[in-house]
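So you can see what is in the structure, the chains are spelled out below.
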Amino acid sequence: MTEIIYFLFPLVYAALNAASFALYGVDKYKARKEMWRISEKTLLILSLFGPIGAWLGMMQFRHKTQKPMFRYLVPAFIGIHLLLVLWINL
């Protein structure tokens, strides 16, 4: 059972980060085209589960970088994930 978890967890984590990255790109595209946008709440919730992709999406697409909530929470989520990895591996 633990082998399956060790195999699936990185795949799921990578998929969440990829989805987070893509969602920031889609929202930036929609902002430029003045289309219906993805809510900030949705972006932040996905950032909680895929913070590395969210941060990379923010930097790549230059999206939500001026909003303090995103500027501080997304790096905080990365820090929380790093602390969890360190705690689990002790």
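A short tour of the structure in this document, coming up. Quick caveat, the model's predicted, so the values are computed rather than measured. (Residues numbered from 1 in each chain as written. Predicted model: local features only at pLDDT ≥ 70, side-chain atom pairs only at ≥ 80, totals over all residues. Heavy atoms only, no water.)

For the rest of this paragraph, the subject is the environment of Gly53. Within the secondary structure layout, Gly53 lies in helix 3 (residues 51-61). The class of Gly53 is buried, set by a relative accessible area of 4%. Considered as a pair, Gly53 and Leu23 are 30 residues apart in the sequence and their alpha carbons are 9.4 Å apart. When near neighbours in sequence (up to four residues on either side) are disregarded, Gly53 contacts Asn17, Ser20 and Phe21. (Helix = DSSP H or I, 4+ residues; strand = E, 2+ residues; numbered from the N terminus. Buried < 20%, exposed > 50% of the residue type's maximum accessible area, 1.4 Å probe, protein only. Contact = heavy atoms within 4.5 Å.)

In this section: the side chain of His63. Mapping His63 onto the fold places it in the loop between helix 3 and helix 4 (68-88). Leaving out residues up to four positions away in the same chain, His63 has contacts with Tyr24, Asp27, Lys28, Ala31, Arg37 and Met58.

Right, let's get into the packing of helix 2 (residues 40-49) against helix 4. Contact geometry for helix 2 and helix 4: axes closest at 8 Å, N-to-C directions at 20°. Classified by the angle their axes make, helix 2 and helix 4 are roughly parallel. For the pair helix 2 and helix 4, the crossing hand works out as right-handed. Contact residues: helix 2 offers Glu40, Leu43, Leu44, Ser47, Leu48 and Phe49, while helix 4 offers Met69, Phe70, Leu73, Val74, Phe77 and His81. In terms of residue class, the contact of helix 2 with helix 4 is built from 9 nonpolar, 2 polar and 1 charged. (Axes fitted to C-alpha atoms, helices over the stretch in contact; angles between N-to-C directions. Parallel < 35°, antiparallel > 145°, perpendicular 65-115°, else oblique. Left-handed = near helix turned anticlockwise from the far one by under 90°. Nonpolar A, V, L, I, M, F, W, Y, C, P; charged D, E, K, R; others polar.)

Right, let's talk about the nonpolar core for a bit. Among the nonpolar cores identified, the biggest contains 8 residues, and these are Tyr24, Ile38, Leu43, Leu44, Ala54, Met58, Phe70 and Val74. Setting aside chain neighbours within four positions, we find Met58 in contact with Tyr24, His63, Lys64, Thr65, Phe70, Arg71 and Val74. (Core = buried A, V, L, I, M, F, W, Y, C linked by side-chain atoms within 4.5 Å.)

Here we take up the packing of aromatic side chains. Inspection of the entire model under this criterion finds 3 aromatic pairs. With a centroid separation of 5.1 Å and 45° between ring planes, the pair formed by Phe21 and Phe61 is classed as tilted. Residue Phe21 is located in helix 1 (residues 2-32), and its partner Phe61 is located in helix 3; the two are separated by 40 residues in the primary sequence. By relative accessible area, Phe61 is classed as partly exposed at 26%. (Phe/Tyr/Trp six-rings, centres within 6.5 Å; stacked < 30°, edge-to-face > 60°.)

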